[in-house]
Amino acid sequence: GINAEYGGPDSLCSSFVVPSVNALNMTKSAVVAAKTLDPESMPYSNVISLIHKNLPNVGYPITLTHVAGLFWALVLGWTSLGVIGSSFVTNLLAVIYPAWQSYKCDRDHTSPSQWLAYWTVYSFFFVVESGQLLTEVLPFYYSIKLVILMWCMYPGSKNGAVVIYSALKPVLAVLDSVMSDSVGGRMRRISFTETPSRKLSREEKHAKQGKDDIGKHKEGKTSPKDKHK
């Protein structure tokens, strides 16, 4: 299955190059669409609005844009310096808002496709970080990670989660083929060759014993004529 699907040059082009080009085009569309977005619909806008409403009067008109810019500048500055808590702050911001949005999709029975794609991208970051190679070698790793994940939280239809997930689809297709073949074959072998044994409960034992006693009782009442037959 896998070699047939991804073996030839044409198949390779359609499986890997085409999704990458589509992802690039979606990225361009996302940048254009970002200019028309309402700032209040952006991730963590409710937190920034809360900060803005509780600011003291400093004699200068501070807008929501000022607060948002300062908030994210401080976050990116903290994570880029690699000081204590950089990983915690990045992962905290990468989990709270998406978890809340995932809950809202379940509560309101809306499509969770964006957040399924988001958690797939987030899991790839988790796997990469388990090797601790990029976190030590790549400068500003946590800032880069946060920017990418914030793009994945982008409320538009062509956000980072959709773009990156589209680029990862060929890899996931290979994984799906391997897992389906191995697990499916194993389940078929179990269903045909392995009959799981189960211990009888006390009630089932009594019922079985009762049937055996009834059968023996009927055999004892068999007439001699039937025995000769």
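Bear in mind that the values here come from a model prediction, so they are computed numbers and not experimental data.

1. A look at the packing of helix α6 (residues 113-130) against helix α8 (residues 141-152)
Two elements in contact, α6 and α8, have axes separated by 10 Å at closest approach and are oriented at 165 degrees. With respect to α8, the element α6 is oriented roughly antiparallel. α8 is crossed by α6, and the crossing has right-handed handedness. In this structure, α6 contributes Gln114, Tyr118, Val121, Tyr122, Phe125, Val128 and Glu129 to the contact, and α8 contributes Tyr141, Tyr142, Lys145, Ile148, Leu149 and Cys152. Grouping the amino acids of the contact of α6 with α8 by side-chain chemistry returns 10 nonpolar, 1 polar and 2 charged.

2. Some remarks on the nonpolar core
Membership of the largest hydrophobic core comes to 24 residues, with the highest contact counts inside it found for Tyr44, Trp72, Leu93, Tyr118, Leu149 and Met153. Of all the secondary-structure elements, those providing two or more residues to this core are α4 (64-81), α5 (86-108), α6 and α8. Apart from residues no more than four positions distant in its own chain, Trp72 is found in contact with Pro43, Tyr44, Ile48, Leu93 and Met150.

3. Some words on the pattern of salt bridges
Close approach of charged atoms allows side chains with opposite charge to pair. Scanning the entire structure with this criterion turns up 2 salt bridges. For Glu129, the salt bridge identified is with Lys145, shortest N-O distance 2.6 Å. In this pair, Glu129 is assigned in helix α6 and Lys145 in helix α8, connecting sequence segments 16 residues apart. Exposure remark for Glu129: the relative accessible area of 16% places this residue in the buried category. Looking at Lys145, the relative accessible area reads 1%, which means it is buried.

4. Structural notes on the confidence of the model for the protein chain
Averaged over every residue, the pLDDT of the protein chain is 74; the share at 70 or more is 62%. α5 holds the highest mean pLDDT among the elements of the protein chain, 92, whereas helix α1 (residues 2-6) holds the lowest, 42. In the predicted structure, residues 1-7 sits below a pLDDT of 50 and forms 12 contacts with residues beyond four places in sequence or in another chain. Counting interchain partners and residues more than four positions distant, the pLDDT-below-50 stretch residues 30-36 has 5 contacts.

5. What about α5?
Its 23 residues give α5 an end-to-end C-alpha distance of 34 Å, which sits within 8% of 33 Å, the value for a rise of 1.5 Å per residue. The set of residues buried in α5 consists of Ser86, Val89, Thr90, Leu93, Ala94, Tyr97, Pro98, Gln101 and Cys105. In this structure, the buried residues of α5 make contact with α4, α6 and α8. Immediately beyond the C-terminal end of α5, within one or two residues, lies His109, with a positive phi of roughly 60 degrees.

6. Brief notes about unusual backbone geometry
One non-glycine residue with positive phi stands out, namely Tyr44, at about 65 degrees. Structurally, Tyr44 can be placed in the loop between α2 (9-34) and α3 (45-53). Overall, Tyr44 belongs to the buried group, its relative accessible area being 6%.

7. Concerning the packing of α5 against α8
Look at α5 against α8: their axes get within 10 Å of each other, and the N-to-C directions meet at 5 degrees. The pairing of α5 with α8 is recorded here as roughly parallel in orientation. Here α5 contributes Ser86, Ser87, Thr90, Asn91, Leu93 and Ala94 to the contact with α8, which in turn contributes Tyr142, Lys145, Leu146 and Leu149. Residue composition of the contact of α5 with α8, by class: 5 nonpolar, 4 polar and 1 charged.

8. Some details on the packing of aromatic side chains
Per the stated rule, a full pass over the model turns up 10 aromatic pairs. Counting every residue linked through ring pairs, the aromatic cluster contains Tyr44, Phe71, Trp72, Tyr97, Trp100, Trp115, Tyr118, Trp119 and Tyr122. The lysine or arginine in question, Lys104, covers the ring of Trp100, its NZ or CZ lying 4.5 Å from the ring centre.

Definitions and cut-offs
Residues numbered from 1 in each chain as written. Predicted model: local features only at pLDDT ≥ 70, side-chain atom pairs only at ≥ 80, totals over all residues. Heavy atoms only, no water. Axes fitted to C-alpha atoms, helices over the stretch in contact; angles between N-to-C directions. Helix = DSSP H or I, 4+ residues; strand = E, 2+ residues; numbered from the N terminus. Parallel < 35°, antiparallel > 145°, perpendicular 65-115°, else oblique. Left-handed = near helix turned anticlockwise from the far one by under 90°. Contact = heavy atoms within 4.5 Å. Nonpolar A, V, L, I, M, F, W, Y, C, P; charged D, E, K, R; others polar. Core = buried A, V, L, I, M, F, W, Y, C linked by side-chain atoms within 4.5 Å. Buried < 20%, exposed > 50% of the residue type's maximum accessible area, 1.4 Å probe, protein only. Salt bridge = Lys/Arg side-chain N within 4 Å of Asp/Glu carboxyl O. pLDDT = per-residue confidence, 0-100. Expected span 1.5 Å × (residues − 1). Phe/Tyr/Trp six-rings, centres within 6.5 Å; stacked < 30°, edge-to-face > 60°. Lys NZ or Arg CZ within 6 Å of the ring centre and 35° of its normal.

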